[in-house]
Amino acid sequence: MIHPLNPAMEATFLPPVMEARRWLDGMVFPEGRPLINVSQAAPVDPPPLALRQEIARAALEDPAAHLYGPVLGLPALRAEVAAQWSAAYGGVVAPDQVAITQGCNQAFCAVMSTLAGAGDEVILPTPWYFNHKMWLDMQGVGAVPLATGDGLIPDPEAAAQLIGPRTRAIVLVSPNNPGGVEYPAEVLRAFHDLAQSRGIALVVDETYRDFDSRSGAPHDLFTDPDWAGTLIQLYSFSKAYRLTGHRVGAITASAARLAQVEKFLDTVAICPGQLGQIAALWGMRNLRGWVAGERLEILARRAAMVQGFARLEGWRLLGCGAYFAYVEHPHPLPSPAFARALVREAGVLLLPGTMFMPAEDPAGARQLRIAFANVDAAGIGALFDRLERLAF
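Conventions we followed
Residues numbered from 1 in each chain as written. Predicted model: local features only at pLDDT ≥ 70, side-chain atom pairs only at ≥ 80, totals over all residues. Heavy atoms only, no water. Pairing = 2+ DSSP bridges. Helix = DSSP H or I, 4+ residues; strand = E, 2+ residues; numbered from the N terminus. 1 Å grid on protein atoms, 1.4 Å probe; cavity = no way out; pocket = protein on both sides within 12 Å on 5 of 7 lines; lining within 4 Å. Points joined across faces, edges and corners; volume = space filled by probe spheres on them. Nonpolar A, V, L, I, M, F, W, Y, C, P; charged D, E, K, R; others polar. Expected span 1.5 Å × (residues − 1). Buried < 20%, exposed > 50% of the residue type's maximum accessible area, 1.4 Å probe, protein only. Contact = heavy atoms within 4.5 Å.

*Asks:* Which residues make up the sheet that holds strand S9 (residues 316-321), and what are the values?
*Replies:* Read across the sheet, 4 strands follow the order S9-S10-S13-S12 without closing on themselves; strand pairing throughout is antiparallel. Taken across any chain shown, the strands that pair with only one partner, and hence form the sheet edges, are S9 and strand S12 (351-352). Relative to strand S13 (residues 367-371), S12 is paired through 2 bridges, and the arrangement is antiparallel. When the bridges of S13 are listed, Leu-351 appears paired with Arg-369.

Given below as structure tokens:
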């Protein structure tokens, strides 16, 4: 007997990165031309040795590291985030306005569970981060696409036209996944003012804030004394400290909202992993210089990507920053077929734009996302050598 499935979950598309990995089944890549995998935005190298040693020390010497902890995270880590965010953004963030989660995806799911239910709507700029769309679909929440055009910067005035009686939030990701663009501070401010005037939430996912090319605070939203009435910020420790496997994220929001978030977290994971939190706290206190070096390396790779696309005839670089280049390709095949052909013909694994766009939007068929954070200068050179040799 086949038991019935939740219709909303059954209708939700499969995880895109896992789908792309299946394209590698049965593939053999020559020794002289290994696979260039630019499909997933996650560090593949381990954390720096000193951080791994701290994790080992905690595992061996701290009995509490193996027990349940507070649902909203270790008090010391919450306080450290609050202090560093207050300094970085020029505002006031209190420890009880910070919660720690099992990664930033869980942070998004937890926040959305406090904002929207079946039949409600959330505005997502397109191209969107597919996991955001997946969660909303599974919950029966309507994802309202906000087209951004070639510049990939969303327009607050266009967003205002999409707000209806069931709209609960606008979600922005900056630096953007998948587009790579950094939203100007004035754009974020305009979205904040729009959300505040309409009585909805502005959710800003800043997973890639540590790799922003700009100096200083990327926005001034935390400088408002009443920022917590509208703004919800999401963050991930995975990228800056290479803690992807430890799953540590953060929510910055009102204490009242986090009291509701606690209900979600308690029923899903009870608490964040202790070792990951200990690592994140140690990293925040001790690795500022190391993270600055990581940022410079990512910015150098970004520059190499921009230079590389100048070599390709017919391609258009729509956005480039943080871990991503988002491009328009000239191949006659639509992007899903072209992406699969690139595995066979060029030994390159990347994601088609259709994974980030509404099915009814034809632009996705001409677009690709390249996650270049794990490709060094030699690898970026090899990537463009292979793309340049493609025959159309």
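*Asks:* Describe empty space enclosed by the protein, with residues and values.
*Replies:* A water-sized probe rolled over the atoms picks out the places where empty space is left. With the rule as written, the count across this model stands at 2 cavities of 30 Å³ or more. Taken as a whole, the largest cavity spans an internal volume of roughly 70 Å³. Taken together, Leu-124, Pro-125, Pro-127, Trp-128, Tyr-129, His-132, Val-171, Leu-172, Val-173, Asn-176, Asn-177 and Tyr-183 form the lining of the largest cavity. Tallying contributions element by element places strand S5 (residues 167-173) first for the lining of the largest cavity, with 3 residues. By residue class, the composition of the lining of the largest cavity is 9 nonpolar, 3 polar and no charged. As a volume, the second largest cavity reaches approximately 30 Å³. Surrounding the second largest cavity, Ser-174, Pro-175, Leu-188, Val-204, Glu-206, Asp-212, Arg-214, Pro-218 and His-219 form its lining. Counted by class, the lining of the second largest cavity contains 4 nonpolar, 2 polar and 3 charged residues.

*Asks:* Quick one: what's the story with helix H10 (residues 255-268), residue by residue and with numbers?
*Replies:* Between its first and last C-alpha atoms H10 spans 20 Å; for 14 residues at 1.5 Å apiece the expected length is 20 Å, and the two agree. Taken together, the buried positions of H10 are occupied by Leu-258, Val-261, Phe-264 and Leu-265. If you follow the buried residues of H10, they end up packed against strand S2 (98-101), helix H5 (104-115), helix H6 (130-138) and strand S8 (249-252). Positive backbone phi, approximately 70°, marks Ile-270, located one or two places after H10.

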